[in-house]
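Commentary on secondary and tertiary structure
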Amino acid sequence: MAKPMSSTDIKLNVATLVLRARLLLVRLGAPACVALALCLAGAAAWGWLLPQRAAQARLMAQPLPTPTSLVTAPPPPSANQNLAGFYEVLGENRYAEQQVKVLFDLAAKNNLTLSLGEYKAGYDKASRVSTYQIILPVKGPYQSIWQFAMQGLREMPFASLDDIGFRRESIAESTVEARLRFTLYLKDGEP
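As the structure is a prediction and not an experimental result, all values here were calculated from the model.

Quick notes on the overall build of the protein
- Helix and strand content of the protein: five helices and six strands.
- What you see in the protein, going N to C, is helices and strands ordered as α-α-α-β-α-β-β-β-α-β-β.
- Restricting to contacts in the protein with at least 6 residues of sequence separation, those with at least 24 account for 66%.
- If you sum the accessible surface of the protein, you get close to 14,400 Å²; carbon and sulfur atoms cover 62% of it.
- If you average the places of the 20 positive and of the 15 negative side-chain charges in the protein, the two averages end up 25 Å apart.

This is the structure:
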């Protein structure tokens, strides 16, 4: 009969195995040890990745959602809704002079010299929209003139910049003369 192993025998066997492993590693050398460690790490990574790949394959095997379960775009607005939106954006006719003051303030903020402007009111019966055309001659640096024009359009979303013309006396001169024509589109009746 075989004699059961005692804890001393197990410790001795483990110590013997560790000693043999150390001797084998010393005989193999450092490059072989590194290669062996890399092989063991690769095997461990392989063992970890196999279940991950199986889970991914199950996920990829699931059918895609049907187009009816996807989010659908809202229907386009009706013509009446578009027209109502258009009229909401328009400025109010009674504040046209205040909008001119906004342009004068923006010109001063951009250090532009603003001469007297020309103003012309109009009304389109078909669209029921009043217009207020403003022609402003300004003088200053080119960049400031463009900043003024863009700020004016941002401040008044119901305005359009219909025309802009530049003139410079000589190439060396830093100030530019410009003539800007804005049109304000306004609601609330005839002028």
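Back to the write-up after that little detour.
Focus: the confidence of the model for the protein
- For the protein, the average pLDDT comes to 85, and 90% of its residues sit at 70 or higher.
- The lowest-confidence element of the protein is helix H1 (residues 7-28), averaging 77 in pLDDT; the highest-confidence one is helix H5 (residues 142-155), averaging 94.

Digging into H5
- The end-to-end C-alpha separation of H5 is 20 Å, in line with the 20 Å expected for 14 residues at 1.5 Å each.
- All of the buried residues along H5 are Ser144, Ile145, Phe148, Ala149, Gln151 and Gly152. The buried residues of H5 all sit within an arc of 170 degrees when viewed along its axis, so they share a single face. When the buried face of H5 is taken as reference, the exposed residues oriented beyond 90 degrees from it are Gln143 and Arg154.
- Those residues of H5 that are buried are in contact with helix H4 (96-109), strand E4 (129-141), strand E5 (159-167) and strand E6 (175-187).

Observations regarding the pattern of salt bridges
- Scanning the model with the defined rule gives six salt bridges in all.
- Residue Lys139 is joined to Glu177 by a salt bridge in which the shortest nitrogen-to-oxygen separation is 3.9 Å. Taken together, the positions of Lys139 in strand E4 and Glu177 in strand E6 put the pair 38 residues apart, joining distant regions of the chain.
- When the shortest N-O distance is used, the salt bridge between Glu169 and Arg167 registers 2.5 Å.
- Owing to a relative accessible area of 53%, Glu169 belongs among the exposed residues under this scheme.
- Here the salt bridges do not stand alone but share partners, grouping Lys139, Arg167, Glu169 and Glu177 into one network.

Quick look at the packing of aromatic side chains
- Across all of its chains, the model carries six aromatic pairs by this definition.
- With 6.3 Å between their ring centres and 20 degrees between their planes, Tyr119 and Tyr132 make a pair best called stacked. Note that Tyr119 is positioned in strand E3 (residues 118-124) and Tyr132 in strand E4, a separation of 13 residues in sequence.
- A relative accessible area of 14% means that Tyr132 is categorised as buried.
- On the numbers, 4.9 Å between centres and 45 degrees between planes, the contact of Tyr142 with Phe166 is tilted.

Quick notes on the rules
Residues numbered from 1 in each chain as written. Predicted model: local features only at pLDDT ≥ 70, side-chain atom pairs only at ≥ 80, totals over all residues. Heavy atoms only, no water. Helix = DSSP H or I, 4+ residues; strand = E, 2+ residues; numbered from the N terminus. Contact = heavy atoms within 4.5 Å. Areas by Shrake-Rupley, 256 points an atom, 1.4 Å probe, with all protein chains shown as cover. Lys, Arg positive; Asp, Glu negative; His and termini not counted. Charge placed at Lys NZ, Arg CZ, Asp CG, Glu CD. pLDDT = per-residue confidence, 0-100. Expected span 1.5 Å × (residues − 1). Buried < 20%, exposed > 50% of the residue type's maximum accessible area, 1.4 Å probe, protein only. Arc of directions from axis to C-beta. Salt bridge = Lys/Arg side-chain N within 4 Å of Asp/Glu carboxyl O. Phe/Tyr/Trp six-rings, centres within 6.5 Å; stacked < 30°, edge-to-face > 60°.

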